[in-house]
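Each chain, written out:
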Amino acid sequence: ESRHQVLIIGGGTAGITTAARLTRSGKKLDIAVIEPSDKHFYQPLWTLVGAGIVPKEITVRKEASVMPKGVTWIRDAVVEIDPDANQVRTAGGRTIGYDYLVVAPGIQYDWDAVKGLRETLGKNGVVTNYTYEAAPKTWEAMKNFEGGTAVFTNPLGQVKCGGAPQKVMYLADDYWRRSGVRGKTKMIGAFAGTVMLGVPEINKSLERIVRQRDIEMRFYHNLVEVRTSPQKEAVFDVRDPKTGETTHQEVIPFDFLHATPPMKAPDFVAESPLAVPEGPHKGYVDVDIYTLQHKRYPNVFSLGDAAALPTAKTGAAVRKQAPKLVKNLLAVMEGKPAEAKYNGYSSCPIVTARGRVLLGEFLYDNKYKPTFVFLDQTKERWDMWLLKRYVLPPLYWYGMLKGLA
Ligand code: FAD
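Analysis parameters
- Residues numbered from 1 in each chain as written.
- Predicted model: local features only at pLDDT ≥ 70, side-chain atom pairs only at ≥ 80, totals over all residues.
- Helix = DSSP H or I, 4+ residues; strand = E, 2+ residues; numbered from the N terminus.
- Buried ≥ 20, exposed ≤ 12 C-beta atoms within 10 Å, placed from the backbone.
- Contact = placed C-beta atoms within 7 Å.
- Axes fitted to C-alpha atoms, helices over the stretch in contact; angles between N-to-C directions.
- Left-handed = near helix turned anticlockwise from the far one by under 90°.
- Nonpolar A, V, L, I, M, F, W, Y, C, P; charged D, E, K, R; others polar.
- Domains from an automatic or database assignment.
- Pairing = 2+ DSSP bridges.
- Near = placed C-beta within 6 Å.

Enquirer: It is not clear to me how the environment of asparagine 343 should be interpreted in this structure. Could you clarify?
Expert: Among the structural elements, asparagine 343 can be located in the loop between helix H9 (315-333) and strand E20 (346-353). Judged by the 14 C-beta atoms lying within 10 Å of it, asparagine 343 falls in the partly exposed class. Between the C-alpha atoms of asparagine 343 and threonine 311, which are 32 residues apart in sequence, the distance is 9.7 Å. Among all residues touching asparagine 343, those that are not within four sequence positions of it are Leu363 and Tyr364.

Enquirer: I keep staring at the packing of helix H1 (residues 13-23) against H9 and nothing clicks. Help me out?
Expert: Packed helix pairs are specified by the crossing angle of their axes together with the interaxial distance, meaning the distance between the axes. In contact at an axis separation of 9 Å, H1 and H9 are set at 35 degrees when each is read in the N-to-C sense. Handedness of the H1/H9 crossing: right-handed. Along its contact with H1, which presents Thr13, Ala14, Thr17, Thr18, Arg21 and Leu22, the element H9 presents Gly315, Val318, Ala322, Pro323, Leu325 and Val326. For the contact of H1 with H9, the class distribution of residues is seven nonpolar, four polar and one charged.

Enquirer: What is the right way to look at the domain arrangement of the protein in this model?
Expert: Interface size is commonly expressed as the accessible surface area that is lost when the partners come together. Examined at the domain level, the protein breaks down into domain 1 (2-107 + 265-345) and domain 2 (110-262). Computed from C-alpha atoms alone, the centre-to-centre distance between domain 1 and domain 2 is 30 Å. Listed as interface residues are 15 residues of domain 1 and, on the opposing side, 17 residues of domain 2. Counting residues per element, the side of domain 1 that touches domain 2 draws most heavily on helix H2 (residues 46-49), which supplies three residues. Its residues placed into classes, the side of domain 1 that touches domain 2 shows seven nonpolar, five polar and three charged.

Enquirer: Where do I start with the sheet that holds strand E14 (residues 221-227) in this structure?
Expert: For sheets, the rule is that strands pair by backbone hydrogen bonds, running either parallel or antiparallel. Taken in spatial order, the three strands of this open sheet run E14-E15-E16, and their pairing is antiparallel. Of all strands in the sheet, those bounded by a partner on one side alone are E14 and strand E16 (246-253). Averaged over all pairs of adjacent strands, the angle between strand axes in this sheet comes to 25 degrees, irrespective of strand direction. Summarising the sheet, strand E15 (residues 233-239) and E16 pair through seven bridges and their orientation is antiparallel. By the bridge assignment for E16, glutamate 233 is matched with proline 253.

Enquirer: Would you mind going over the site of the ligand with me for this structure?
Expert: If you check the shell around the ligand, you find 36 residues, and the closest are Gly10, Gly12, Ala14, Gly106 and Gly304. For the shell around the ligand, the secondary structure elements donating two or more residues are H1, H2 and H9. Of the residues that constitute the shell around the ligand, the class distribution is 19 nonpolar, 13 polar and four charged. Summarising the domain contributions, the shell around the ligand has at least three residues from each of domain 1 (2-107 + 265-345) and domain 2 (110-262).

Now the structure itself:
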């Protein structure tokens, strides 16, 4: 049985960024990352893969190539956390102990929450940008689309990158205008939420954009079933705006359907004593939203999609969380209190067309917080497109994952 001073669950964006920052801290630490996959993905580019703008291959690297030097990679998956015994159990049957634990296994797709979706994905005009394998099929379906009804969904609850379900909608509209089928196409955004995006300044811009593009928005619509025979139909539970109760179902026949799967915390997190027991963040890791330290187990921290934080789950948020978490973890190791505070920063580059991006940035409580104060970030911009397409990917691989940016 092995034991490590710092054990990190997950070698994705959050896990690797944290490991890299810890190795750069100047302290001699024994760090291990548990990660089952031999691949590491830069998921933000999947939106552009789905629009045929970049090939999927540029979004993946070998996990070994992003693992910081001196960090032990345990290629296994955690199945149980026992924070009272300071140990985890893995699928491979190992028990691994720790002094300090960082929980960063991301979020889980709940495909089964939508009847019929898993079986038909990638066929019958039903697509998603939310996986590496599926994203190229979005482009195939977009390219081959000959007109009809195109539906874009956005589920109840938190999803990673809250803007991604609508980026694909704008990119499809843009492409179909160029390919000449937009005139024979009805586009519908059927979203479970109540607005385009929670930040009022950005919401206003997005409302204008959907109006200008002739995209019909239906809110309070939660996808529950996809039927493909005898007809292609998407079935939605529709809530009453006043009571929040589901009052009826609506069936929308479609020719193209981009589905964003409902998401939830990984099972082994939700079933552990580390999870939030109730409420909108149920199942996610119950940390202080500023210090990222667990509320009941002071030697446990969490960040990224798995942490219960009332802000958008993005890589951009991880970039601001990791430095604070590492500072607090090192302080706690020295017997000092965790005082560094994450302010809820998250950001979403909303691609509104090929060559145009509206860069939304905000803090806790949906407080709008643009970086480039001398530019108007509530507008779609070419410079923000360049940032998304050409600046952020290398910043990720060579800055963030190296613990430098
Ligand atoms: P991940 O990076 O997903 O990593 C989790 C890791 O944990 C994985 O490697 C997984 O294999 C591992 N793991 C899972 N289960 C276990 C287990 N049981 N034991 C051990 N390890 C486990 N973010 C932005 O900032 N900007 C964007 O424009 C943007 N667009 C996006 C578009 C799409 C289509 C998608 C899918 C995501 C997008 N994101 C964007 C979100 C961003 O990718 C995530 O928020 C970010 O990757 C979260 O980091 P994480 O480490 O928490 O999770």
